[in-house]
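Commentary on secondary and tertiary structure
Residues per chain, in single letters:
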Amino acid sequence: MSGKMYEKRPEEDARYHDTWRLLKKYRDVIWSLEVSVQQVKNQFRIDYDCSIEDFLESVYMAGADLGGTDIENHARCIERSYKMLTLLENSVNLLRTHHQSGEVYYWILYYSFLSPQKLKNVEEIIEALHPHIRDISFSTYYRLRKAAVEALSSVLWGFSSQDTLHSLDAFFPVGI
């Protein structure tokens, strides 16, 4: 480590460890969520000979409570996953539209983590980036990817960190 400070790789840096993991699992979560929703819909069709929407409407019309049932638990799990994905997508869009490097960061994140089909390797990612970022090298790609994940982390987690809670409390005291 000559005069230059050692820099941690993204997966080693606790400041954005959660964001890194979230991005790496994004495609898997999307797939699991879609499969889960489809399985629930199919099971309802088999068990109740109607759609989920029709079933829920009839349950609510009858005043029945689904609290504590497998149906409710599964629905809550799907809802929680959907909310997490929505938070990520909204954060990526906010980054894209408001950060000074947002458009570049968006395309880096998209081809690295968010596109429906995972690209095979960094060469394919860089090739896909060419229409959006000219003359991008491997080192530039890795530097920009790290910066993009760090910027996304600040959008996702910045105001929920322990360091900023006291600032939020000063502006929005509990109990108001």
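Our subject is the structure that appears above.
In this text the structure is predicted, and so the values were computed from the model without any measurement.

**Considerations on the overall build of the chain**
When helices and strands are counted, the chain shows seven helices and zero strands. Along the chain, from the amino end to the carboxyl end, the secondary structure elements read α-α-α-α-α-α-α. Long-range contacts, defined as pairs at least 24 residues apart, comprise 62% of the intrachain contacts of the chain with a sequence gap of at least 6. As displayed, the chain offers around 12600 Å² of accessible surface, 55% of which is attributable to carbon and sulfur atoms.

**Brief notes about unusual backbone geometry**
Non-glycine residue D135 carries a positive phi angle of around 50°. Along the chain, D135 falls in the loop between helix 5 (122-129) and helix 6 (138-157). D135 gets classed as exposed once you look at its relative accessible area, which sits at 74%.

**Let's talk about the packing of helix 5 against helix 6**
Running from N to C, helix 5 and helix 6 cross one another at 85°; their axes reach a closest spacing of 11 Å. One element, helix 5, and the other, helix 6, form an angle in the roughly perpendicular class. Note on element contacts: helix 6 touches helix 5 through F138, Y141 and Y142, opposite V122, E123, I125, I126 and L129. The class makeup of the residues in the contact of helix 5 with helix 6 is seven nonpolar, no polar and one charged.

**Overview of the nonpolar core**
Grouped together as the largest cluster of nonpolar side chains are 33 residues, with contacts concentrated most on L88, L109 and L129. Listed by contribution, the elements that provide at least two residues to this core are helix 1 (17-48), helix 3 (70-98), helix 4 (102-114), helix 5 and helix 6. The element contributing the most residues to this core is helix 4, with eight residues. Once you skip the residues sitting within four places of it in the chain, L88 turns out to touch L22, L23, Y26, L114, L152 and L156.

**A word on the pattern of salt bridges**
Tallied over the entire structure, the rule returns one salt bridge. Among the salt bridges present, the one from R96 reaches E103, with a minimum N-O distance of 2.9 Å. For R96, a relative accessible area of 26% corresponds to the partly exposed category. Residue E103 is classed as partly exposed on the basis of its relative accessible area of 39%.

**Overview of the packing of aromatic side chains**
All chains considered together, the criterion is met by seven aromatic pairs. Pairing W107 with Y111 gives two aromatic rings, centres 5.7 Å apart and planes at 25°, and the pair type is stacked. Taken together, the residues span about one helical turn, with W107 and Y111 both in helix 4 at a distance of four residues. Y111 shares its class with W107; the two are buried. Geometrically, the ring pair formed by Y141 and Y142 is edge-to-face, given 5.2 Å between the ring centres and 65° between the ring planes. Here a set of aromatic residues connected by ring pairs shows up, and it is made of Y106, W107, Y110 and Y111. R96 extends its terminal NZ or CZ atom over the ring of Y106, reaching a point 3.8 Å from the ring centre.

**Some words on helix 5**
Those residues of helix 5 that sit buried are V122, I125, I126 and L129. All buried residues of helix 5 lie within an arc of 95° about the axis, which places them on one face of the element. On the buried face of helix 5, the contacting elements are helix 4 and helix 6. Its side-chain oxygen at 3.2 Å from the backbone nitrogen of E123, N121 defines the N-terminal cap of helix 5.

The rules behind each value
- Residues numbered from 1 in each chain as written.
- Predicted model: local features only at pLDDT ≥ 70, side-chain atom pairs only at ≥ 80, totals over all residues.
- Heavy atoms only, no water.
- Helix = DSSP H or I, 4+ residues; strand = E, 2+ residues; numbered from the N terminus.
- Contact = heavy atoms within 4.5 Å.
- Areas by Shrake-Rupley, 256 points an atom, 1.4 Å probe, with all protein chains shown as cover.
- Buried < 20%, exposed > 50% of the residue type's maximum accessible area, 1.4 Å probe, protein only.
- Axes fitted to C-alpha atoms, helices over the stretch in contact; angles between N-to-C directions.
- Parallel < 35°, antiparallel > 145°, perpendicular 65-115°, else oblique.
- Nonpolar A, V, L, I, M, F, W, Y, C, P; charged D, E, K, R; others polar.
- Core = buried A, V, L, I, M, F, W, Y, C linked by side-chain atoms within 4.5 Å.
- Salt bridge = Lys/Arg side-chain N within 4 Å of Asp/Glu carboxyl O.
- Phe/Tyr/Trp six-rings, centres within 6.5 Å; stacked < 30°, edge-to-face > 60°.
- Lys NZ or Arg CZ within 6 Å of the ring centre and 35° of its normal.
- Arc of directions from axis to C-beta.
- Polar contact = N/O pair within 3.5 Å; in protein donor to acceptor, adjacent residues only side chain to side chain.

Purely spatial values, then, with no claim about function.
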